[in-house]
Amino acid sequence: MSSVQTYFNDIESGMNLPVLAKTPTTRQLVMYAGASGDFYEVHYDIEFARARDLSGVIVHGALKSGFIGQLLSDWAGIEGTIKRLDIQYRSMDVANSTMWCKGIVRSKQIVDGKGIVECDVWIENASGEKTTAGSASILLPIRV
C-alpha cells in the first residue's frame, strides 16, 4: 500500500490512476493455485496449455482482479476504502508477459459527508488490448 494518502479534494474527473505493471511468473501462478484451490492445469502446466491451443500458461482471472484491487488500494491510501469492484474477463493473459493495470476517474461526489469516487479500471497487455475491464467505487477521505 502506498504511503501517500489520496484525498477526495485532489481528485478530478478524467484523472488517470497511476499505472501498476505486473509480470506474473509461472511460479506465482502455482503459488496462487495453492492459495486459491484453482488447480486447473492451464494455469501452470505449459504442455497442457499448449495442447489446448494456448500460447502459454494463463493467468487466473481472480488473480487479475487482485492486481486491479492492488492498483486501487495503493492509490486510495491507508484511509481510502474500496467499496465496490466489478470485473469482466475479456481475454487471456499469459505468464511471464507484462500487463498494465490502469484506471481513470469517471466521477466524484459527496454523499452523506463522504467522498465517493467512481473509476473505470482495466488491464492491458503488450498489444494494448484490454483483457480485463471493470469499474470501482472508492471512498476517499475529505481534507478539511
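For the structure itself, look to the data block above.
**Topic: the sheet that holds strand 3 (residues 99-111)**
As a general point, the strands of a sheet are linked pairwise by backbone hydrogen bonds and lie either parallel or antiparallel.
Then, number 1: Read from one edge to the other, the open sheet built from five strands follows the order 1-3-4-5-2, with strand pairing classed as antiparallel. The strands lining the two open edges of the sheet, one partner per strand, are strand 1 (20-22) and strand 2 (81-89). Between one strand and the next, the sheet's axes are offset by a mean angle of 20°, whatever the strand orientation.
Then, number 2: Pairing of strand 4 (residues 114-124) with strand 5 (residues 130-140), which is carried by ten bridges, proceeds in the antiparallel orientation. Pairing of Glu118 across the sheet is with Ser137, part of strand 5.
Then, number 3: Packing against the sheet, helix 3 (residues 61-76) makes contact with strand 1, strand 2, strand 3, strand 4 and strand 5, and its axis sits at approximately 145° to strand 2.

**Let's talk about the nonpolar core**
Then, number 1: Trp75, Val117 and Leu140 are the most contacted members of the largest nonpolar core, which has 30 residues in total.
Then, number 2: Contributions of two or more residues to this core are made by helix 2 (46-50), helix 3, strand 3, strand 4 and strand 5.
Then, number 3: Tallying contributions element by element places helix 3 first for this core, with seven residues.
Then, number 4: Not counting residues up to four positions away in its chain, the partners in contact with Leu140 are Thr6, Tyr7, Phe8, Ile11, Trp75, Ala76, Gly80, Gly115 and Val117.

**Notes on unusual backbone geometry**
A negative phi holds for most residues other than glycine; trans holds for most peptide bonds.
Then, number 1: Even without being glycine, Asn96 reaches a positive phi, approximately 65°.
Then, number 2: Following the sequence through the fold, Asn96 ends up in the loop between strand 2 and strand 3.
Then, number 3: Of note, the phi angle at Asp112 is positive, near 55°, even though the residue is not glycine.

**Remarks on helix 3**
Then, number 1: The end-to-end C-alpha distance of helix 3 is 23 Å, a good match for the 22 Å that 16 residues give at a rise of 1.5 Å each.
Then, number 2: Looking only at helix 3, the buried set comprises Leu63, Lys64, Ser65, Phe67, Ile68, Gly69, Leu71, Leu72, Trp75 and Ala76.
Then, number 3: For helix 3, the elements touching its buried residues are strand 1, helix 1 (26-36), strand 2, strand 3, strand 4 and strand 5.
Then, number 4: Phi for Gly77, located one or two positions after helix 3, is positive at around 80°.

**Thoughts on the pattern of salt bridges**
Then, number 1: In this structure the tally under the stated criterion is six salt bridges.
Then, number 2: In this structure, Lys64 and Asp93 form a salt bridge, with 2.8 Å as the shortest nitrogen-oxygen distance. Residue Lys64 is located in helix 3, and its partner Asp93 is located in the loop between strand 2 and strand 3; the two are separated by 29 residues in the primary sequence.
Then, number 3: A residue is classified by how much of its surface remains accessible, and Lys64, at 2% relative accessible area, is buried.
Then, number 4: Asp93 sits in the buried class, given a relative accessible area of 4%.
Then, number 5: A salt bridge links Asp120 to Arg106, with the nearest nitrogen and oxygen atoms 3.0 Å apart. A residue pair is termed long-range when its members are at least 10 positions apart, and Asp120 in strand 4 and Arg106 in strand 3 qualify at 14 residues.
Then, number 6: On the basis of relative accessible area, Arg106 is assigned to the partly exposed category, the value being 40%.
Then, number 7: A single network of salt bridges, built from pairs that share partners, joins Arg84, Asp86 and Glu118.

Criteria and thresholds
Residues numbered from 1 in each chain as written. Predicted model: local features only at pLDDT ≥ 70, side-chain atom pairs only at ≥ 80, totals over all residues. Heavy atoms only, no water. Pairing = 2+ DSSP bridges. Helix = DSSP H or I, 4+ residues; strand = E, 2+ residues; numbered from the N terminus. Axes fitted to C-alpha atoms, helices over the stretch in contact; angles between N-to-C directions. Contact = heavy atoms within 4.5 Å. Core = buried A, V, L, I, M, F, W, Y, C linked by side-chain atoms within 4.5 Å. Buried < 20%, exposed > 50% of the residue type's maximum accessible area, 1.4 Å probe, protein only. Expected span 1.5 Å × (residues − 1). Salt bridge = Lys/Arg side-chain N within 4 Å of Asp/Glu carboxyl O.

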